[in-house]
Amino acid sequence: MSKIGWLRLAVIVIAVGLLELACRSGLIDHRVVIPPSEMAAALVRLLISGQANDQIARTFGIVVTAVLIAVVGGFALGVVIHALPRVRHALDPFFATYYAVPIFIFYPVMIAIFGLSAVPIVLMGVATAIVAMIIATLNGLDRVPRVLDKVARLHRMGRIATALRLKLPAAAPHLFTGVKLAVSYGFIAVIASEFILAPAGLGRVISDAYTDFNNQRMYALMLLLIVVATVVNMVLHVFDQRWAERRGIGKP
Amino acid sequence: MIAAKRAADTLIVLAAILVAWQILHQAVGSTALPAPLPTLTYLAKFVPSARFAENAWATLVTFFWALMLSYSLGLAIGVWMGVHRLSGAVGEPILISLYTLPKITLYPVVLLIFGLSMPGRVTFGAMHGVLPVALLTMNAIRNIPPVYLKAARTLHLSEWQTIVTVLFPATLPEVVAGLRIGFTLSLLGVLLAEMFASEHGLGSLIINAMQLLQNEEMITVAVVLFLFAALANSLLLWIEHHLHRRI
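Okay, so let's go over this structure. (Residues numbered from 1 in each chain as written. Chains lettered and ligands numbered in written order. Predicted model: local features only at pLDDT ≥ 70, side-chain atom pairs only at ≥ 80, totals over all residues. Heavy atoms only, no water.)

### Observations regarding the overall build of chain A
Scanning chain A from N- to C-terminus turns up ten helices and zero strands. For chain A, the α and β elements follow one another from N to C terminus as α-α-α-α-α-α-α-α-α-α. Along the three orthogonal principal directions, the C-alpha set of chain A runs to about 75 × 55 × 35 Å. Relative to its full complement of 252 residues, chain A shows a buried share of 43%. (Helix = DSSP H or I, 4+ residues; strand = E, 2+ residues; numbered from the N terminus. Buried < 20%, exposed > 50% of the residue type's maximum accessible area, 1.4 Å probe, protein only.)

### Considering the packing of helix α3 (residues 50-83) of chain B against helix α6 (residues 118-142) of chain B
Residues and elements named next belong to chain B. Their axes nearest at 6 Å, the elements α3 and α6 cross at an angle of 35 degrees. The crossing of α3 and α6 is right-handed. Partitioning the contact of α3 with α6 into residue classes produces 19 nonpolar, eight polar and two charged. (Axes fitted to C-alpha atoms, helices over the stretch in contact; angles between N-to-C directions. Left-handed = near helix turned anticlockwise from the far one by under 90°. Nonpolar A, V, L, I, M, F, W, Y, C, P; charged D, E, K, R; others polar.)

### Considerations on the nonpolar core
One finds Ile196 and Tyr219 of chain A to be the most contacted residues of the largest nonpolar core, which totals 116 residues. In terms of residue count, the dominant contributor to this core is helix α8 (residues 159-196) of chain A (twelve residues). Sequence-distant contacts of Ile196 of chain A, defined by excluding residues within four places in its chain, comprise Phe104 and Tyr107 of chain A together with Ile104, Leu192, Met195, Phe196 and Ile207 of chain B. (Core = buried A, V, L, I, M, F, W, Y, C linked by side-chain atoms within 4.5 Å. Contact = heavy atoms within 4.5 Å.)

### Re the side chain of Arg88 of chain A
All names here are of chain A. Looking at the element boundaries, Arg88 is found in helix α4 (residues 85-98). With a relative accessible area of 18%, Arg88 lands in the buried category. Each residue touching Arg88, except ones within four places of it in the same chain, is listed here: Ile81, His82, Leu138 and Asp142.

### Describing the packing of aromatic side chains
What describes a pair of aromatic rings is the distance from one ring centre to the other and the angle between the planes of the rings. Tallying each qualifying case throughout the model produces 16 aromatic pairs over all chains. Relative to Phe239 of chain A, the ring of Phe176 of chain A has its centre 6.3 Å away and its plane inclined at 50 degrees; by these criteria the two rings are tilted. Pair noted here: Phe176 of chain A is in helix α8 and Phe239 of chain A is in helix α10 (residues 215-249), with a separation of 63 residues, a long-range link. Under the relative-accessibility criterion, Phe239 of chain A is labelled partly exposed at 43%. Each member of the aromatic cluster is reached from another via a ring pair, and the members are Phe195 and Tyr210 of chain A together with Tyr107, Phe124 and Phe196 of chain B. (Phe/Tyr/Trp six-rings, centres within 6.5 Å; stacked < 30°, edge-to-face > 60°.)

### Focus on the interface of chain B and chain A
Taken residue by residue, the interface counts 48 residues in chain B and 48 residues in chain A. When the two sides are added together, the surface that chain B and chain A hide from each other amounts to roughly 4400 Å², 83% of it contributed by carbon and sulfur. Counting across the chain B and chain A interface gives one salt bridge. Salt-bridge contacts for Asp9 of chain B lead to Arg86 of chain A; the nearest nitrogen and oxygen are separated by 2.8 Å. Between the two partners, chain B and chain A, sit five residue pairs in polar contact (both at pLDDT 80 or more). The set of elements that each furnish at least two residues to the side of chain B that touches chain A consists of α1 (2-28), α4 (85-99), α5 (107-114), α8 (159-196), α9 (202-211) and α10 (215-246) of chain B. Looking at side-chain class alone, the side of chain B that touches chain A contains 37 nonpolar, eight polar and three charged residues. (Buried area = accessible area lost by both parts, 1.4 Å probe. Salt bridge = Lys/Arg side-chain N within 4 Å of Asp/Glu carboxyl O. Polar contact = N/O pair within 3.5 Å; in protein donor to acceptor, adjacent residues only side chain to side chain.)

### Quick word on the pattern of salt bridges
Enumeration over the complete set of coordinates arrives at eleven salt bridges over all chains. Across the pair Glu38 of chain A and Arg24 of chain A runs a salt bridge whose closest N-O atoms are separated by 3.9 Å. Taken together, the positions of Glu38 of chain A in helix α2 (residues 36-49) and Arg24 of chain A in helix α1 (residues 3-24) put the pair 14 residues apart, joining distant regions of the chain. With a shortest N-O distance of 2.7 Å, Arg180 of chain B and Glu240 of chain B are connected by a salt bridge. Here Glu240 of chain B lies in helix α10 and Arg180 of chain B lies in helix α8, a separation of 60 residues in the sequence. Here the salt bridges share partners, and the residues they tie into one network are Glu20, Arg24 and Glu38 of chain A.

### What to know about the packing of α6 of chain B against α8 of chain B
All names here are of chain B. Contact pair α6 / α8: the axes reach a minimum separation of 7 Å and the direction vectors enclose 165 degrees. When the axes of α6 and α8 are compared, the pair comes out roughly antiparallel. Seen along the crossing, α6 lies across α8 with a hand that is right-handed. Grouping the constituent residues of the contact of α6 with α8 by class yields 14 nonpolar, ten polar and three charged. (Parallel < 35°, antiparallel > 145°, perpendicular 65-115°, else oblique.)

### Considering the environment of Ile141 of chain B
All names here are of chain B. Topologically, Ile141 is positioned in helix α6. Through-space distance from the C-alpha of Ile141 to that of Val175 is 9.0 Å; in sequence the pair is 34 residues apart. Residue contacts for Ile141: discarding those within four places in its chain leaves Gly78, Val79, Gly82, Val83, Arg85 and Thr171.

### Some remarks on the environment of Ala58 of chain B
All names here are of chain B. You can see Ala58 is positioned in helix α3. On a C-alpha basis, the gap between Ala58 and Phe228 in space is 15 Å, while along the polypeptide they are 170 residues apart. Once residues lying within four places of it in the same chain are set aside, the contact partners of Ala58 are His200 and Gly201.

### Description of the layout of surface pockets
There is about 1800 Å³ of room inside the second largest pocket. Lining the second largest pocket are 40 residues, and of these Phe94, Tyr98 and Phe106 of chain A together with Ile17 and Phe226 of chain B sit closest to its centre. Counting residues per element, the lining of the second largest pocket draws most heavily on α1 of chain B, at nine residues. For the lining of the second largest pocket, the class distribution of residues is 37 nonpolar, three polar and no charged. (1 Å grid on protein atoms, 1.4 Å probe; cavity = no way out; pocket = protein on both sides within 12 Å on 5 of 7 lines; lining within 4 Å. Points joined across faces, edges and corners; volume = space filled by probe spheres on them.)

What follows is the structure in structure tokens.
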């Protein structure tokens, strides 16, 4: 690890250590925050006991479903919109403002239409993630070098072969950025929906634990979510950087 | 001419959204989703009412303080991490992972610290807004072309003159982009806080309306917030484009 990496680790360790000290010494009330070591111990106990397994499986299942729909649907819509320039120009202002609007305020509307089930949560996840994928697909297709069309003609490739063997690899780095954003947005939307109102799921369990003053369980599951989100985002970030490097080398 | 045609196309999309709304209304029934026209009539009646004004004001005040907090903290962190390279290199990945975290999970902690109060909602809103402001400010400072600084030195500008006439204008467009994203996310944070636990504000109004099955009111509030955010974003985007063009 580089010097900066060690420094970063030191900063994080010191921050967690200070929190632990502040909790242990009574500077921070035990009813407000429990020491990080207790959070970790509570999480390990909870995972071994298997009490929360159903909820964990449910939440991550919903996240995976929503992200898959968003990635596949966003890609398909992106391809269609890219082929229709007029539609694209008409939609541009909507894409530009989409993430500026708290679309989350429509979650209650979804509940009113589809009832209190997993469906509105999946829809919120898809709604939050899909536009990032559409925009990434459009960007990727825009950056496919014109010369590839000529290459395809030279080799007398069909339209499908051109799309699969030339255009898709050329657009892939941008598509991956879309996937990365879709995962992170979908995750946030699903957890937030479960928090506000849901029949079950991790967000619901944490919000229930808060209402019951069950700090052990609340902090254990919070820690789980934070660890999972950080690890997933870090892995995607590393892959994204590699793709970006390749993109940099492969510039025409 | 082209602009007019584009505007017309965008209007067609808007009309398509209204038609889709009407069709969905026919499909699921008016208890679940009221039709566009009755909702808009309700909007015209509800927005001037005292109850709406009260809640909108509560949200606006909370949002204002959340915005001030995230701007001042974000700019301070961003400038520090941009100027002090080592802090930037160490801190950037930490900020990025905090940025991608579902911050709603931390709201109970905020509630345990502040209780059900406005400072809690302000803090939660600022937790959303501070990170993009800090990250974009840091990048703006890092991306200043070295030749600008050389030119400043050649002209024998004092440190203060360099900051005012070179660094500030050079970083402004990107900083404004950060402020725009910070605006959006602070608003989201405040609304989430109000939706989760609050008796005041538009977020709580939406949740109450849902529980009382007053779907017209629920959609009205959502549409008003939608328009507010979209207009504010367009304005900030317009400022940003102007700043970019000037450079």
